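So you can see what is in the structure, the chains are spelled out below.
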Amino acid sequence: WTTVSRPSSTALWSSLGSTLESKEQYDIVKVDLEDDRDYPIYIGTGYSEDESATLLQQHLAGKKVLLITNDRIAPMYLDHYKQLLSRNNRAEDIHTLVLPDGEEQKDMNNLQKILDRCLELGLDRKSTLVALGGGVIGDMVGFAAAVYLRGVAFVQIPTTVMAMVDSSVGGKTGVNHALGKNMIGAFHQPSCVFVNTATLETLPDRELQSGISEIIKYGLIRDAALFEWLEENMERLVQRDPAALRYAVVQSCLNKAAVVKADEKEADVRATLNLGHTFGHAIENGSGYGTWLHGEAVAIGIAMAARMSAQMGWIDESLLQRTMKLLERAKLPVALPPDSPMNRDTFLKLMSVDKKVANGQLRLILLKGELGNCVFTADFDEQAMLDTIDHFCEPCAVAK
Ligand SMILES: NC(=O)c1ccc[n+]([C@@H]2O[C@H](COP(=O)([O-])OP(=O)(O)OC[C@H]3O[C@@H](n4cnc5c(N)ncnc54)[C@H](O)[C@@H]3O)[C@@H](O)[C@H]2O)c1
Ligand SMILES: O=C(O)C(=O)C[C@@H](O)[C@H](O)[C@H](O)COP(=O)(O)O
Ligand SMILES: [Zn+2]
């Protein structure tokens, strides 16, 4: 089994990875990929309308655009982005589609709605799909772009912290299935990611906090300096300090771009981005999609992975405590509530369909060594995993 740990020197990772260019109003993180598929992530707050229009329009494949969002975001941002895309008649043929909101809507039915609309509009291979929203819209639109005419261009305009720091970058697209999270999808990279952190002003606290769990993830798996910055600045983030938000988005995108560059299709090191997700995805599905936000389920999953790592002696108790404390300061859950339907059997059944399972064997991302190091391995103590699951299910078992 492959065991992938972070190279010991952070400099090595940076040289393997992404580049940052800073302009006055925005930063650009470049995702470096083979075959001329590099793309920029623009991250800013104070763009002028002209600037936004120019940046976005240069990544359209042609004049036909389908801009897709959901019914919660549409009243706030759809007209604005439609106008930017059509400014100076760059995109002459711009259409919109508004889907229902919610994680439970990330399914084949809504994927079909996107594809139906593409066909009804006669979109050709020079068309571009534009995803305006959080991770649910981004994952679904990206998947539609991957399969429509065997692949058309798409642009990500993320409007949640989760989407800005993680889901809009890296090309994992797809939908959920009743039997498992993100089970149907494709790798398909966007042509650009356009982040305007000003859109976070309307994001509710719960959704904002949910995205912070993936930032903590980057700190734990590969970026000790980012984890320490979070320890210093968590309250600024939770209270939406614009500079802190922008810094966290830039650092997260640099981390994600570096990992994606090293292993685009998750042969090995990309799996580390799944810290806490095997447990977390089981919680999302087992509780009913939409009960927990993705980042909340991942936060509990990270707490479980950290506890298991400590029980096996792979990390010091102090690192477990620092992790739990940071998650709590982000106002994220670190335990299952008594009314949770989760139990050991549900966990094991749902974890058995995890995409990292190989030849029937479960592989997990676990913390090992100093802060910033992790392993992707099947070689763990199974009893420690069962103890961890039982420990987290205890409040629910008592209630039953
Ligand atoms: N592809 C990847 O690499 C990747 C990475 C992380 C997460 N994901 C996926 O992303 C999804 C979670 O993403 P999410 O947390 O963004 O959830 P989401 O897309 O459901 O958005 C959360 C809520 O916020 C609303 N919203 C979005 N932007 C808003 C704004 N600016 N103002 C007010 N409300 C706004 C949405 O309508 C929704 O109700 C999950 O399905 C997860 O599996 C994918
Ligand atoms: O980009 C990745 O790779 C990730 O694993 C990022 C995760 O945060 C994200 O939730 C992803 O969608 C999970 O992928 P999956 O392959 O486990 O479904
Ligand atoms: Zn995630």
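Quick notes on the rules
Residues numbered from 1 in each chain as written. Chains lettered and ligands numbered in written order. Predicted model: local features only at pLDDT ≥ 70, side-chain atom pairs only at ≥ 80, totals over all residues. UniProt positions renumbered as here; feature names shortened; annotations may be inferred. Helix = DSSP H or I, 4+ residues; strand = E, 2+ residues; numbered from the N terminus. Near = placed C-beta within 6 Å. Domains from an automatic or database assignment. Axes fitted to C-alpha atoms, helices over the stretch in contact; angles between N-to-C directions. Parallel < 35°, antiparallel > 145°, perpendicular 65-115°, else oblique. Left-handed = near helix turned anticlockwise from the far one by under 90°. Contact = placed C-beta atoms within 7 Å. Buried ≥ 20, exposed ≤ 12 C-beta atoms within 10 Å, placed from the backbone. Nonpolar A, V, L, I, M, F, W, Y, C, P; charged D, E, K, R; others polar. Core = buried A, V, L, I, M, F, W, Y, C linked by C-beta atoms within 7 Å. Pairing = 2+ DSSP bridges.

### Considering the UniProt feature "domain: 3-dehydroquinate synthase C-terminal" (unreviewed entry) in the chain
Under the local residue numbering, the UniProt record ascribes the feature "domain: 3-dehydroquinate synthase C-terminal" (unreviewed entry) to residues 211–357. In residues 211–357, the share of helix is 66% and the share of strand is 0%. The end C-alpha atoms are 26 Å apart.

### Points about the site of ligand 1
What surrounds ligand 1 is a group of 29 residues, the closest being Gly-134, Gly-135, Thr-160, Met-162 and Ser-167. Residue contributions to the shell around ligand 1 reach at least three from each of two domains, namely domain 1 (32–203) and domain 2 (263–399).

### Comments concerning the packing of helix α7 (residues 205–222) against helix α9 (residues 242–262)
Each pair of packed helices can be described by the angle between their axes along with the distance between the axes. As a packed pair, α7 and α9 sit with axes 10 Å apart at the nearest point and diverge in direction by 50 degrees. Here α7 is positioned oblique relative to α9, judged by the angle of their axes. Note on packing geometry: the crossing formed by α7 with α9 is left-handed. On α9, the residues touching Glu-214, Ile-215, Tyr-218 and Arg-222 of α7 are Ala-248, Ser-252 and Asn-255.

### Focus on unusual backbone geometry
Excluding glycine, a negative phi dihedral is what most residues carry, and trans is how most peptide bonds are arranged. For Leu-149, which is not glycine, the phi dihedral falls at a positive 50 degrees. Relative to the helices and strands, Leu-149 is located in the loop between α5 (135–147) and β7 (153–158). When the 12 C-beta atoms within 10 Å are taken as the criterion, Leu-149 is described as exposed. With phi around 50 degrees, Asn-359 is a residue other than glycine that occupies positive phi space. Position of Asn-359 relative to the elements: it lies in the loop between α13 (344–351) and β11 (364–367).

### With respect to the packing of helix α11 (residues 294–311) against helix α12 (residues 317–329)
Between α11 and α12, the least distance of the axes is 9 Å, while the angle of their chain directions is 170 degrees. Our classification of the angle between α11 and α12 gives roughly antiparallel. In this structure, α11 contributes Ala-299, Ile-302, Ala-303, Ala-306, Arg-307 and Ala-310 to the contact, and α12 contributes Glu-317, Leu-320, Thr-323, Met-324 and Leu-327. Of the residues belonging to the contact of α11 with α12, the class tally is 8 nonpolar, 1 polar and 2 charged.

### Notes on the site of ligand 2
Taken together, the residues surrounding ligand 2 are Asp-166, Gly-170, Lys-172, Lys-181, Asn-182, Glu-214, Glu-266, Arg-270, Leu-273, Asn-274, His-277 and Lys-355. Looking at the shell around ligand 2, its residues break down into 1 nonpolar, 4 polar and 7 charged. Both domain 1 (32–203) and domain 2 (263–399) contribute no fewer than three residues apiece to the shell around ligand 2.

### As for the nonpolar core
Formed by 120 residues in total, the largest nonpolar core has its most connected members in Ile-68, Leu-129, Val-130, Val-141, Cys-253, Ile-302 and Ala-305. With 11 residues, α11 is the single largest residue contributor to this core. For this core, the domains that each give at least three residues are domain 1 (32–203) and domain 2 (263–399). In this view, Ala-305 contacts Leu-275, Gly-276, Phe-279, Leu-364, Ile-365, Leu-366 and Leu-367; residues no more than four positions away in its chain are not counted.

### Here we look at the sheet that holds strand β3 (residues 39–44)
Strand order in the open sheet made by the 8 strands is β1-β2-β3-β10-β7-β6-β4-β5, with mixed pairing throughout. On the outer flanks of this sheet lie β1 (19–22) and β5 (93–99), each paired with one strand and no other. Each adjacent strand pair in this sheet contributes to an overall mean axis angle of 20 degrees, direction not counted. Taken together, the 6 bridges between strand β6 (residues 128–133) and β7 define a ladder with parallel strand orientation. Bridge assignment links Ala-131 to a residue of β7, and that residue is Gln-156. Strands in contact with helix α4 (residues 108–120) are β4 (64–70) and β5; relative to β5, the strand with the most contacts, it is inclined by about 160 degrees. Its contacts with the sheet put α9 on β1, β2 (26–31), β3 and β10 (192–196), and the angle it makes with β2 is roughly 15 degrees.

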